[in-house]
Amino acid sequence: MIGLAILVSENMALSNNGWARAQSDKVWLSSGFRVMLIKMGIDKAGSVNQLGRELGYRSRVHPGWSIRQILVGKQPFPLDRLRAMAEFLEYPLEDILRHQTSHSSVTVENTRRALEANGMPFFIPR
């Protein structure tokens, strides 16, 4: 019998849909905690765009665009930006990561409730 060896990159993961890139450097946070954390960042930085600059986003026109996308649950936090957020807020990264969740638990309804609870209904996507 001939053995078959398959070499697999450590950055690959097997999913129901076949091979997919592992997203270990992307962090989904629960809606309530994510909104609260970003609100703390906006309050400290002074604006969404300034928070984007503090976290290393460099768009001249809208450095806060990615922050808005993360806030409304359309994209996860890149781990390096989450580390920057933790340092900026002086909030332990380990405590933040306790609120990590799966992408499927980040729903429009959970995000809407979190935005309203944190006094940010103007960010609710239409």
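Above this text is the structure in question.
Anyway, here's the lowdown on the structure attached to this text. (Residues numbered from 1 in each chain as written. Predicted model: local features only at pLDDT ≥ 70, side-chain atom pairs only at ≥ 80, totals over all residues. Heavy atoms only, no water.)

**Things to note about the pattern of salt bridges**
Here is step 1 of the chain: Within the structure shown, the criterion is met by 5 salt bridges.
Here is step 2 of the chain: The salt bridge partner of Glu116 is Arg112, with a shortest N-O separation of 2.7 Å. With Glu116 and Arg112 both in helix H6 (residues 108-117) and 4 residues apart, the pair spans about one turn of that helix.
Here is step 3 of the chain: For Glu116, a relative accessible area of 41% corresponds to the partly exposed category.
Here is step 4 of the chain: On the basis of relative accessible area, Arg112 is assigned to the partly exposed category, the value being 27%. (Salt bridge = Lys/Arg side-chain N within 4 Å of Asp/Glu carboxyl O. Helix = DSSP H or I, 4+ residues; strand = E, 2+ residues; numbered from the N terminus. Buried < 20%, exposed > 50% of the residue type's maximum accessible area, 1.4 Å probe, protein only.)

**With respect to the environment of Ile70**
Here is step 1 of the chain: Topologically, Ile70 is positioned in helix H3 (residues 65-71).
Here is step 2 of the chain: Under the relative-accessibility criterion, Ile70 is labelled buried at 1%.
Here is step 3 of the chain: Those residues in contact with Ile70 that sit more than four places away from it in its chain are Arg34, Ile38, Tyr57, Gln75, Pro76, Phe77 and Pro78. (Contact = heavy atoms within 4.5 Å.)

**Some thoughts on the packing of aromatic side chains**
Here is step 1 of the chain: Taken as a whole and judged by the stated rule, the model has 2 aromatic pairs.
Here is step 2 of the chain: Here Phe122 and Phe123 contribute two aromatic rings whose centre-to-centre distance is 4.9 Å and whose plane-to-plane angle is 50°, an arrangement assigned as tilted.
Here is step 3 of the chain: Classification of Phe122 by relative accessible area gives exposed; the value is 62%.
Here is step 4 of the chain: Against the face of Phe88 rests Lys44, its NZ or CZ located 4.9 Å from the ring centre.
Here is step 5 of the chain: Against the face of Tyr57 rests Arg81, its NZ or CZ located 4.1 Å from the ring centre. (Phe/Tyr/Trp six-rings, centres within 6.5 Å; stacked < 30°, edge-to-face > 60°. Lys NZ or Arg CZ within 6 Å of the ring centre and 35° of its normal.)

**Points about the nonpolar core**
Here is step 1 of the chain: Leu29, Leu37, Ile38, Leu51, Phe77, Leu82 and Met85 are the most contacted members of the largest nonpolar core, which totals 30 residues.
Here is step 2 of the chain: The set of elements that each furnish at least two residues to this core consists of helix H1 (31-45), helix H2 (48-54), H3, helix H4 (79-89), helix H5 (93-97) and H6.
Here is step 3 of the chain: Here the element with the most residues in this core is H4; it accounts for 7 residues.
Here is step 4 of the chain: In contact with Phe77, not counting residues within four places along its chain, are Asp25, Lys26, Val27, Leu29, Ile38, Ile70, Leu82 and Met85. (Core = buried A, V, L, I, M, F, W, Y, C linked by side-chain atoms within 4.5 Å.)

**What about H1?**
Here is step 1 of the chain: With 15 residues, H1 ought to run about 21 Å at 1.5 Å a step, and its terminal C-alpha atoms sit 21 Å apart, in line with that.
Here is step 2 of the chain: Buried residues of H1: Ser31, Phe33, Arg34, Val35, Leu37, Ile38, Gly41, Ile42 and Ala45, and no others.
Here is step 3 of the chain: In the core, the buried residues of H1 are packed alongside H2, H3, strand E4 (77-78), H4, H5 and H6.
Here is step 4 of the chain: Gly46 lies just past H1 and shows a positive phi near 105°. (Expected span 1.5 Å × (residues − 1).)

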